[in-house]
Amino acid sequence: MKKATLTVSFDSEKLDALTYHMSKKDTNLQTELEDTVQKLYEKHVPQTTREYIDDKLSREAAAKPKPQRPVRPAATGGSDNRLA
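This write-up is about the structure you can find in this document. (Residues numbered from 1 in each chain as written. Predicted model: local features only at pLDDT ≥ 70, side-chain atom pairs only at ≥ 80, totals over all residues. Heavy atoms only, no water.)

## A look at the overall build of the protein chain
Stated precisely, the cut-off is as follows: Each helix is a run of H or I in the DSSP string that is no shorter than four residues. Each strand is a run of E no shorter than two, and both are numbered from the N terminus. For every residue, the accessible area (1.4 Å probe, protein chains only) is compared with the maximum for its type, and the residue is labelled buried under 20%, exposed over 50%, or partly exposed between those bounds. Shrake-Rupley sampling with a 1.4 Å probe provides the accessible areas, and residues are treated as covered by the protein chains on show and by no other component.
Each helix and strand counted, the protein chain has 3 helices and 0 strands in total. The helix and strand sequence of the protein chain, counted from the amino end, reads α-α-α. The burial tally for the protein chain puts 2% of its 84 residues in the buried class. Accessible area for the protein chain stands at about 8800 Å²; split by element, carbon and sulfur atoms hold 55% of it.

This is the structure we're talking about:
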């Protein structure tokens, strides 16, 4: 899934205070913002549209080719490393 970046303007002193107090509660601002945007999405986007998007994303994920391990060349026969 391709991610978009949101830019929000907020007073820097308030942001410092917010991140300071959130860290005391083991809370992360990025996580809180993502949760809030998800709730807004669920509130404003109709259920049928969300289902369509979820289906589309799952089909795209299934269609992505999985990375394959590189094929190693076969060992060449010329020298025998066994002790005589």
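## Notes on the side chain of Arg50
To be explicit about the condition: We define a polar contact as two N or O atoms separated by no more than 3.5 Å, with the added condition that, inside protein, one atom must be a possible hydrogen donor and the other a possible acceptor, whereas residues neighbouring each other in sequence contribute only through side-chain atom pairs. Throughout, a residue-residue contact means that at least one pair of heavy atoms, one from each residue, lies within 4.5 Å.
Note that Arg50 resides in helix H3 (residues 47–63). Here the side chain of Arg50 touches Glu42 through a polar contact of 2.8 Å, landing on its backbone oxygen. A polar side-chain atom of Arg50 sits 2.6 Å from the main-chain carbonyl oxygen of Val45. Contact partners of Arg50, with chain neighbours within four places excluded, come to Tyr41, Glu42 and Val45.

## Quick look at the environment of Gln47
Examined against the element boundaries, Gln47 turns out to sit in helix H3. In this structure Gln47 comes out as partly exposed when scored by relative accessible area, which is 42%. Among the polar contacts made by the side chain of Gln47, one reaches the side chain of Arg50 at a distance of 2.3 Å.

## Focus on the pattern of salt bridges
Selection criterion: Criterion for a salt bridge: a side-chain nitrogen of Lys or Arg within 4 Å of a carboxyl oxygen of Asp or Glu.
By the definition in use, this model includes 1 salt bridge. Taking the shortest distance from any N to any O, the salt bridge between Arg59 and Asp55 comes out at 2.9 Å. Separated by 4 residues within a single helix, Arg59 and Asp55 lie in helix H3, roughly one turn from each other. Taking the relative accessible area as the measure of exposure, Arg59 reaches 47% and is therefore partly exposed.

## Section: the layout of surface pockets
Selection rule: Each cavity reported here is a set of points on a 1 Å grid over the protein atoms alone in which a 1.4 Å probe fits but cannot get out, each pocket an open set with protein on both sides within 12 Å along at least five of seven lines, and each lining residue one with an atom within 4 Å of a point. Grid points are joined across faces, edges and corners, and a volume is the space filled by probe spheres set on the points. Amino acids are sorted into nonpolar (Ala, Val, Leu, Ile, Met, Phe, Trp, Tyr, Cys and Pro), charged (Asp, Glu, Lys and Arg) and polar (every other residue, Gly among them).
In this structure, the largest pocket occupies an estimated 920 Å³ of space. Lining the largest pocket are 20 residues; nearest its centre among them are Ala4, Leu6, Leu33, Glu34 and Val37. Contributing elements (two or more residues each) for the lining of the largest pocket: helix H1 (12–24), helix H2 (29–44) and H3. Considering only residue class, the lining of the largest pocket consists of 12 nonpolar, 3 polar and 5 charged.

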